[in-house]
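Spelled out, the chains give:
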Amino acid sequence: MKSIIKKIKQNKLNILIMIIYTIISIVILINHEPWRDEAQAWLIARDLNLIDIYKQMYYEGHPCLWHLILFPFAKLQFPYFTINIISYLIMWTTALLILTKAPFNKFIKLIIIFQAPFIYNYSAIARNYCLIPLALVLIANNYQHKDKIPIKYTLLILFLAWTHIIMSSMAAILSIQYFYEE
C-alpha cells in the first residue's frame, strides 16, 4: 500500500515538473526569433526532393535525418513555425523520458531538464541538435537490454550517428564497445 501511495505522489510530482517545464519552454519558444540556419533547414526540406536533400548534405556538413523529419511537413505546406514545434516536441519527449526513466535522483533530473541548453538551445532553436539528447536518452535507457534486443540497440546507435556530425565519433565508440563485448 505504501508503494502505491509513493508512486501516486511521484506521478503528481512528475506532472507538476512537466507542467512547469512546458510553461517555461513555451514562453521561450514563442519569444524566439528564428535564425537563418533554422530557416535554411526548412527551405531545404521544402524545396528539394529526397535525392537532392541527400546531395545537399555534402555542403551542409550534417547528416540528413533532421531534414528528412522536416520533409513531410514542409512538403505539405505546413507553416514555418512547425519546425519549432517539432523541435519542442522532441525535447518535451526527452524531458519526460529523463523524468520517468533516468536512474538519477530527482534533483539531478531537475538540473538536467532545466539547464539552459536543454530548455532553450535544443527546444527553442529548431536545429538538428534537439535529436542528440533524445538519442542519448534512448541509448542509455536501452543499454542494460542491449544483449536481449541487439537490433534495437544497433538502430539507436545509428540514430545517434545520424543526429549530428559531432556524434559520429561517439556512435563509433559505442559500436566498437558493443561489438567488443559481444
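It should be emphasised that the depicted structure is a prediction, and the values quoted were computed from it without experimental measurement.

Rules behind the numbers
Residues numbered from 1 in each chain as written. Predicted model: local features only at pLDDT ≥ 70, side-chain atom pairs only at ≥ 80, totals over all residues. Heavy atoms only, no water. Core = buried A, V, L, I, M, F, W, Y, C linked by side-chain atoms within 4.5 Å. Buried < 20%, exposed > 50% of the residue type's maximum accessible area, 1.4 Å probe, protein only. Helix = DSSP H or I, 4+ residues; strand = E, 2+ residues; numbered from the N terminus. Contact = heavy atoms within 4.5 Å. Expected span 1.5 Å × (residues − 1). Arc of directions from axis to C-beta. pLDDT = per-residue confidence, 0-100. Polar contact = N/O pair within 3.5 Å; in protein donor to acceptor, adjacent residues only side chain to side chain. Salt bridge = Lys/Arg side-chain N within 4 Å of Asp/Glu carboxyl O.

How should the nonpolar core be read in this particular structure?
Nonpolar side chains tend to gather and get buried jointly when the protein is soluble and globular. Counting residues in each nonpolar core, the largest one holds 27 residues, and the members touching the most others are Y21, W66, L70 and I90. Counting residues per element, the ones that place at least two in this core are α1 (2-31), α2 (36-47), α4 (65-75), α5 (82-101), α7 (116-121) and α8 (131-142). Take this core: its biggest share by element is eight residues, from α5. Among all residues touching W66, those that are not within four sequence positions of it are A41, I83, I86, S87, I90, A126, R127, N128, C130 and L131.

How do you make sense of α2 when you look at a structure like this?
An α-helical turn contains 3.6 residues, so a residue and the one three or four places further along point in the same direction. The end-to-end C-alpha separation of α2 is 16 Å, in line with the 16 Å expected for twelve residues at 1.5 Å each. Listing the buried residues of α2 in full gives E38, A41, W42, I44 and A45. Down the axis of α2, the smallest arc covering the buried residues is 155 degrees, so these residues share one side.

Quick question: what am I supposed to make of the confidence of the model for the protein here?
Where the model shows low pLDDT, its predicted coordinates should not be examined in detail. Scored by pLDDT, the protein comes out at a mean of 90, with 96% of its residues at no less than 70. Per-element averaging of pLDDT across the protein places α1 at the bottom with 85 and α4 at the top with 96.

Can you help me understand the environment of M170 in this one?
By the element assignment, M170 lies in helix α10 (residues 168-181). By relative accessible area, which is 36% here, M170 ends up partly exposed. The spacing of M170 and I157 is 13 residues in sequence and 8.8 Å in space, taken between C-alpha atoms. With sequence-adjacent residues up to four places away left out, M170 is seen in contact with L136 and L160.

Please explain the side chain of H164 as it appears in this structure.
Assignment of secondary structure puts H164 in the loop between α9 (150-161) and α10. For H164, a relative accessible area of 5% puts it in the buried group. One polar contact links the side chain of H164 to the main-chain amide nitrogen of I166, over a distance of 3.1 Å. H164 has contacts with H62, P63, N128, Y129 and I132, leaving out every residue within four places of it along the chain.

Could you clarify how one ought to interpret the pattern of salt bridges in this entry?
For side chains bearing opposite charge, pairing can occur when the charged atoms are close. Summed over the entire model, instances satisfying the criterion amount to three salt bridges. Residue R46 pairs with D47 through a salt bridge whose shortest N-O separation is 2.7 Å. Between E181 and K146 there is a salt bridge, with the nearest N and O atoms lying 3.1 Å from each other. Separated by 35 residues along the polypeptide, E181 in helix α10 and K146 in the loop between α8 and α9 bring together distant segments of the chain.

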